[in-house]
Amino acid sequence: MSAGLRSKIILALASIILVPIIIVILALLLIQFNVIQVSALQDINLSSVTLTAPGKTTEQLATLSITLICIYFISLIGMVIAVSKVLSDFLLLPLKELNYAAERIGSGEFDFKIRYKKDNEFGKLCREFEDMKDKLYMTSSKQNIYENSRKELIASITHDLKTPLTSIIGYVEGLQDGVVTDPETVTNYLNVIHDKSQRLDHLIDDLFTFTQLELEKFTVNVSETSMKSMLTEYSTTKIREYQSNEKIAFIVGDTLHEANLNVDEFRIGQVLENLISNAEKYTNSFIKLYTTIDEYHYNIYVEDDGIGIAKEDLPFIFDYFYQCDKARETKRKGTGLGLAICKQLVEAHKGRIYVRSESGQGTVFKISLKLQ
């Protein structure tokens, strides 16, 4: 109990006792000095502790006593009513509001306002309770969204796992049964199986990373790395992968800048793989990897000339499970993990990831890592 509330209660209880006594004393003084003219009670001497009334009969003294007692009890009842009203306004109303609010929150209802707004201790408590209610509502809403997203993720993963597995099984059975004997067709079958297997491997990497992040067991194993050597090796592999792709060209910038940074090569490769895989879904003709370097940062870019990202989607694309607009879904829907994982991995290296995009004008992702 706060000092202010304690003092108010003590003052209220003291008032119930003291105010009627003060009223009685005032009444006696008014009678003594003939301010109140009561013929049966005149000439009463209050100058000493002993109450005397020379020349007054016992009946007159009894009348005086009854009158004073009546004044006292009337004053006491009036004070009790007044203090009860004050305490009701001060204590019972806010407590009733808080109890009602607690019952509604307990039933899962958050769309209401606490009406008690007075500037006192209980008013402050009600405001803090309402703030807590609003935060609880936001948390509950986010949790519901998160749970729905997890369900969508499971459905999406089931589809993403089943589709390539079905294709792999079909092509492998075709090879095993000897249905396909032409060397060129066999090579095509093997290429499809390889592509589908890579897709599965990529998806499993994302799921494993997501699980580690959820369980807070994720770590990066950094070591001093030549960025030029790492990116050259990575881009050489990607160029080889895209040589057979007639629709999309993989382009590497004229210069991959040199810098020695403390990074986890596997994790940076995972980021690039996610960005390039994402670009492949939506680009029209090319994916380009290039770098820049400034006074403080080493920057890696992944650019495409695809359908772009709508302005309203840009603030949310790094959120877990977020799916972009319908225009993107017409091509290939993902799990909503890739870009969120990219952000987590880059930030684990104390870097930042940015995106620049407009609908119909392609997209550029930028990974910015601090120089040593």
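This is a predicted model, so every value here is computed, not measured.

K.L.:
Looking at this structure, I do not really get unusual backbone geometry. What am I missing?
P.N.:
Even without glycine at this site, Lys-350 takes up a positive phi of about 60°. The topology assignment puts Lys-350 in the loop between helix 8 (338–348) and strand 6 (352–357). Judged by relative accessible area, Lys-350 falls into the exposed class, the value being 69%.

K.L.:
Even after reading the chapter, I still don't get the sheet that holds strand 5 (residues 297–304), so can you show me in this structure?
P.N.:
Picture the strands of a sheet paired through backbone hydrogen bonds; they go either parallel or antiparallel. Read across the open sheet, the five strands follow the order 2-4-5-7-6; overall the sheet is mixed. Where the open sheet ends on each side, the last strands, each with one partner, are strand 2 (249–252) and strand 6. With direction set aside, neighbouring strand axes in the sheet form an average angle of 15°. Running at roughly 140° to strand 6, helix 8 makes contact with strand 6 and strand 7 (363–370) of the sheet.

K.L.:
Explain the pattern of salt bridges to me, please; I cannot follow it from the model alone.
P.N.:
Two side chains of opposite charge can pair, provided their charged atoms sit close to one another. Counted by the stated rule, this structure contains five salt bridges. Ionic pairing is found between Lys-133 and Asp-134, a salt bridge with its closest N-O pair at 3.3 Å. For Lys-133, a relative accessible area of 2% translates into the label buried. A relative accessible area of 30% places Asp-134 in the partly exposed class.

K.L.:
Could you clarify how one ought to interpret a nonpolar patch on the surface in this entry?
P.N.:
Taken together, the side chains of Ile-69, Phe-73, Ile-77 and Ile-81 define a hydrophobic patch exposed on the protein surface, amounting to about 410 Å² of accessible area. Here Phe-73 lies in helix 2 (residues 58–106). Given the relative accessible area of 46%, Phe-73 is considered partly exposed.

K.L.:
Whenever I open this one, the packing of helix 4 (residues 183–214) against helix 8 confuses me. Can you help?
P.N.:
When two helices pack together, you describe them by how their axes are tilted relative to each other and by the distance separating the axes. Closest axis-to-axis distance for the helix 4/helix 8 pair is 10 Å, and the angle between their directions is 55°. Comparing the axis directions of helix 4 and helix 8 gives the class oblique. Along this stretch, helix 4 crosses helix 8, giving a crossing that reads as left-handed. In this structure, helix 4 contributes Asp-206, Thr-209, Phe-210 and Leu-213 to the contact, and helix 8 contributes Gly-338, Ile-341, Gln-344 and Leu-345.

Rules of the game
Residues numbered from 1 in each chain as written. Predicted model: local features only at pLDDT ≥ 70, side-chain atom pairs only at ≥ 80, totals over all residues. Heavy atoms only, no water. Helix = DSSP H or I, 4+ residues; strand = E, 2+ residues; numbered from the N terminus. Buried < 20%, exposed > 50% of the residue type's maximum accessible area, 1.4 Å probe, protein only. Pairing = 2+ DSSP bridges. Axes fitted to C-alpha atoms, helices over the stretch in contact; angles between N-to-C directions. Contact = heavy atoms within 4.5 Å. Salt bridge = Lys/Arg side-chain N within 4 Å of Asp/Glu carboxyl O. Patch = residues over 30% accessible without salt bridge, like charges linked within 9 Å, V, L, I, M, F, W, Y side chains within 5 Å. Areas by Shrake-Rupley, 256 points an atom, 1.4 Å probe, with all protein chains shown as cover. Parallel < 35°, antiparallel > 145°, perpendicular 65-115°, else oblique. Left-handed = near helix turned anticlockwise from the far one by under 90°.

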